[in-house]
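Take a look at the letters that make up each chain.
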Amino acid sequence: MGQRAGTKLSEIVMGWQTIVKENNLDVSIIPFDQLMERIDAEYYRPRFLSGDRLIGNKQSTRLGDIADIKGGKRLPKGEVFSDNGIPYIRAEDVKNSFVEYENSPKISLELQRKLKSYQTKLDDVLITIVGNSIGDVGIVKFELEKCNLTENCAKLVNLKGINADYLFSFLLSKYGQNQIEREQVGTSQPKLALVRIRDFKLPVPNRDLQEKISEIIRRAQQLKESSKQQYVEAEKLLLKEINLEGYVPNEGNTSVRELTECLADNRFDAEYWEPRFDEMEERVSTIPQQELGNIISIQKGIDPGSEAYTESGKSFVRVSDISIYGIEDGDKKISDELYEELKDNYKPQKGEVLFTKDGTIGISFALHEDIDAIVSSAFLRLKPKIKINIDYLTLVLNSLYCKFQIERMSGGAIIAHLKPESVKKIKVPVLSDTKQEELAEKAVSSLRLRNEAKELLEKAKRAVEIFIEKDEQEALKYLASGKAI
């Protein structure tokens with residue numbers, strides 16, 4: 001930098017400091033002899049260095065010294081998923097919560113035996129290490145003996161002197177997430193190497209705090225299991241009301257049809273006419289029904305393009321961010337300016353039902369409040385035109401009956417897209433107001449329990465942060481206080 005005659009060094013220093021302050025820039029000053037093997041500026045962000053100092057003030061350990069960190073395994077070339085078999089845990093099954101396996105694809109028992117060393121077991125802590133969901137954390141709490149793990153995840157196992165629930169909570173905390181973010185490399189397809197995870201610094205509290213955090217995690221797990229049970233009960237009651245209680249699909253694959261039938265539906269593929277579809281329609285035919293297009297209006301989402309993503313701003317909701325239980329915290333953002341431009345047409349609103357038409361098709365969730373977000377073009381926003389309980393409507397759309405209709409429209413294949421015109425043809429049983437309310441309450445109760453479980457996970461995470469920022473006693477006081485998160 002050139003220096004004007006008479007300009008003091010202090011004036012130059014104050015000059016760049018002013019620029020930093022006025023532009024809200026992150027700046028770290030690192031002595032050359034303290035640089036590590038990384039020389040990129042992002043590695044030395046102030047929040048990373050602040051976390052290092054706080055953890056350094058505690059008794060801490062290298063993660064690789066108290067845990068084995070192992071990767072999962074990609075399916076061998078030529079191997080495919082099967083209808084039945086051993087669950088194969090994917091990155092999308094690890095959602096900063098308890099690992100799910102119910103919707104995971106399956107691999108054959110024979111293949112599972114070949115991949116024995118890549119199984120998961122109770123209390124394994126998992127981290128996603130590849131892709132856009134990198135850094136999601138989960139803990140295995142199911143008793144299922146055999147589940148295999150994708151290569152997109154790492155598992156932390158064989159813990160020594162540390163509680164798995166505490167480790168899980170630490171990795172969820174901002175100090176765990178900072179280390180994950182700091183050590184990943186790549187932009188279009190970020191990755192986190194196992195060797196980097198082994199070098200993570202883990203502050204180690206006394207057993208008392210670890211056990212208290214375990215109590216919180218156990219309670220959260222119980223609530224989540226109760227939530228699942230409530231939803232299963234709601235589904236069973238719905239199926240009973242529409243004459244599908246205990247229904248087992250017909251496995252026949254032969255059907256004789258008139259040409260006029262094929263022309264009327266404009267479908268000539270054999271899968272469309274499988275006996276199970278007719279059988280289900282016959283069972284439900286005595287129940288009052290409406291085509292979805294007659295009872296709702298449809299508004300599509302939007303795809304602004306990946307170039308519109310920003311580091312901060314309003315949420316941009318994708319299919320991977322939603323389940324039948326609601327919208328998770330996604331990692332994609334758009335600027336506040338773009339949000340203001342799009343919100344009138346693409347902001348989800350109270351009283352609507354979100355419905356996925358691309359990717360994982362047919363996931364529905366009812367909105368009881370406006371959301372400061374924009375939904376992707378993979379969503380349809382359904383707004384009732386008649387009096388119908390939106391929680392009941394959502395339960396129906398997520399039910400076996402509607403799933404079968406969606407499958408039929410797809411010709412029996414796993415499709416990546418469903419046209420809005422096809423969505424309008426989905427038949428919805430319309431029960432009495434009283435019965436709708438009864439079914440809706442069970443579904444809402446399930447969601448309430450799940451939200452309580454989520455709040456407890458947040459509390460465990462916050463307790464870890466208080467321990468790091470202050471001390472163990474303050475963390476224990478927080479857990480005992482019942483204070484809101």
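Because the structure is a prediction, the values reported are computed rather than measured. (Residues numbered from 1 in each chain as written. Predicted model: local features only at pLDDT ≥ 70, side-chain atom pairs only at ≥ 80, totals over all residues. Heavy atoms only, no water.)

Draft legend 1. Inspection of the overall build of the protein at higher detail. The secondary structure content of the protein amounts to 17 helices and 22 strands. When burial is assessed residue by residue, the protein has 46% of its 485 residues classed as buried. For the protein, the share of sequence-separated contacts (at least 6 apart) that also reach a separation of at least 24 residues comes to 74%. Total accessible area on the protein stands at roughly 25,600 Å², and carbon and sulfur atoms take up 48% of it. (Helix = DSSP H or I, 4+ residues; strand = E, 2+ residues; numbered from the N terminus. Buried < 20%, exposed > 50% of the residue type's maximum accessible area, 1.4 Å probe, protein only. Contact = heavy atoms within 4.5 Å. Areas by Shrake-Rupley, 256 points an atom, 1.4 Å probe, with all protein chains shown as cover.)

Draft legend 2. Summary view of the layout of surface pockets. Size it by volume and the second largest pocket reaches roughly 560 Å³. Residue lining of the second largest pocket: 19 residues in total, with Asp265, Tyr272, Arg408, Met409 and Lys425 positioned closest to the centre. For the lining of the second largest pocket, the secondary structure elements donating two or more residues are α9 (259-265), α10 (275-284) and α14 (400-409). The element contributing the most residues to the lining of the second largest pocket is α14, with five residues. Residue composition of the lining of the second largest pocket, by class: seven nonpolar, two polar and 10 charged. (1 Å grid on protein atoms, 1.4 Å probe; cavity = no way out; pocket = protein on both sides within 12 Å on 5 of 7 lines; lining within 4 Å. Points joined across faces, edges and corners; volume = space filled by probe spheres on them. Nonpolar A, V, L, I, M, F, W, Y, C, P; charged D, E, K, R; others polar.)

Draft legend 3. Focus on the pattern of salt bridges. The tally for this structure, following the rule as stated, stands at 38 salt bridges. Between Lys228 and Glu225 there is a salt bridge, and its shortest N-O distance comes to 3.7 Å. Of this pair, Lys228 and Glu225 both sit in helix α8 (residues 207-241), three residues apart, which is roughly one turn of the helix. Relative accessible area serves as the criterion here: at 19%, Lys228 is assigned to the buried category. Taking the relative accessible area as the measure of exposure, Glu225 reaches 42% and is therefore partly exposed. A single salt-bridge network, built from bridges that share partners, covers Glu100, Glu102, Lys224, Glu225, Lys228 and Arg450. (Salt bridge = Lys/Arg side-chain N within 4 Å of Asp/Glu carboxyl O.)

Draft legend 4. How the structure looks around the packing of aromatic side chains. For the structure shown, the criterion picks out five aromatic pairs. Ring geometry for Phe81 versus Tyr88: centroids 5.6 Å apart, planes at 55°, classification tilted. Phe81 gets classed as partly exposed once you look at its relative accessible area, which sits at 42%. Judged by its relative accessible area of 4%, Tyr88 is buried. Relative to Phe168, the ring of Phe98 lies with its centre 6.5 Å away and its plane at 35°, an arrangement referred to as tilted. Here Phe98 is found in strand β4 (residues 97-98), whereas its partner Phe168 is found in helix α5 (residues 164-172), with 70 residues between them in sequence. With respect to burial, Phe98 and Phe168 carry one shared label: buried. Directly above the aromatic system of Tyr325 lies the positively charged group of Arg450, at a separation of 3.7 Å from the ring centroid. Above the ring of Tyr478, the side-chain terminus of Lys459 is found at 5.6 Å from the ring centroid. (Phe/Tyr/Trp six-rings, centres within 6.5 Å; stacked < 30°, edge-to-face > 60°. Lys NZ or Arg CZ within 6 Å of the ring centre and 35° of its normal.)

Draft legend 5. Region of the structure containing the environment of Asp331. Among the structural elements, Asp331 can be located in the loop between β16 (326-327) and β17 (333-334). A relative accessible area of 37% means that Asp331 is categorised as partly exposed. Taking the C-alpha atoms as reference points, Asp331 and Asp321, 10 residues apart in sequence, are found 8.6 Å from one another. The residues touching Asp331, leaving out its near neighbours within four places in the chain, are Asn132, Ser133 and Arg318.

Draft legend 6. Representation of the packing of α8 against helix α16 (residues 433-469). Two elements in contact, α8 and α16, have axes whose closest approach is 8 Å; the angle formed by their N-to-C orientations is 165°. Classified by the angle between their axes, α8 and α16 sit roughly antiparallel to one another. Between α8 and α16 lies a crossing of left-handed hand. By residue class, the composition of the contact of α8 with α16 is 19 nonpolar, five polar and nine charged. (Axes fitted to C-alpha atoms, helices over the stretch in contact; angles between N-to-C directions. Parallel < 35°, antiparallel > 145°, perpendicular 65-115°, else oblique. Left-handed = near helix turned anticlockwise from the far one by under 90°.)

Draft legend 7. Fine view of the sheet that holds strand β21 (residues 379-384). The four strands lie next to each other as β12-β21-β18-β19, forming an open sheet whose pairing is antiparallel. The two strands at the open ends of the sheet, each matched to only one other strand, are β12 (296-300) and β19 (364-366). Looking at each pair of strands side by side, their axes are set apart by 25° on average, direction ignored. Bridge count for β12 against β21 is five bridges, and the pairing is antiparallel. Looking across to β21, one finds that Lys300 is bridged to Leu380. Against the sheet, helix α13 (residues 390-397) contacts β12, β18 (353-356), β19 and β21, and its axis sits at roughly 170° relative to β19. (Pairing = 2+ DSSP bridges.)

Draft legend 8. Layout of the nonpolar core. Among the nonpolar cores identified, the biggest contains 50 residues, and Leu63, Val125, Leu171 and Ile197 are the most heavily contacted of them. Among the elements that take part in this core, α16 stands out by supplying 10 residues, more than any other. Excluding its chain neighbours within four sequence positions, the residues that come into contact with Ile197 are Leu63, Ile69, Ile127, Ile129, Ala154 and Leu192. (Core = buried A, V, L, I, M, F, W, Y, C linked by side-chain atoms within 4.5 Å.)

By themselves, these are just geometric observations and shouldn't be taken as functional.
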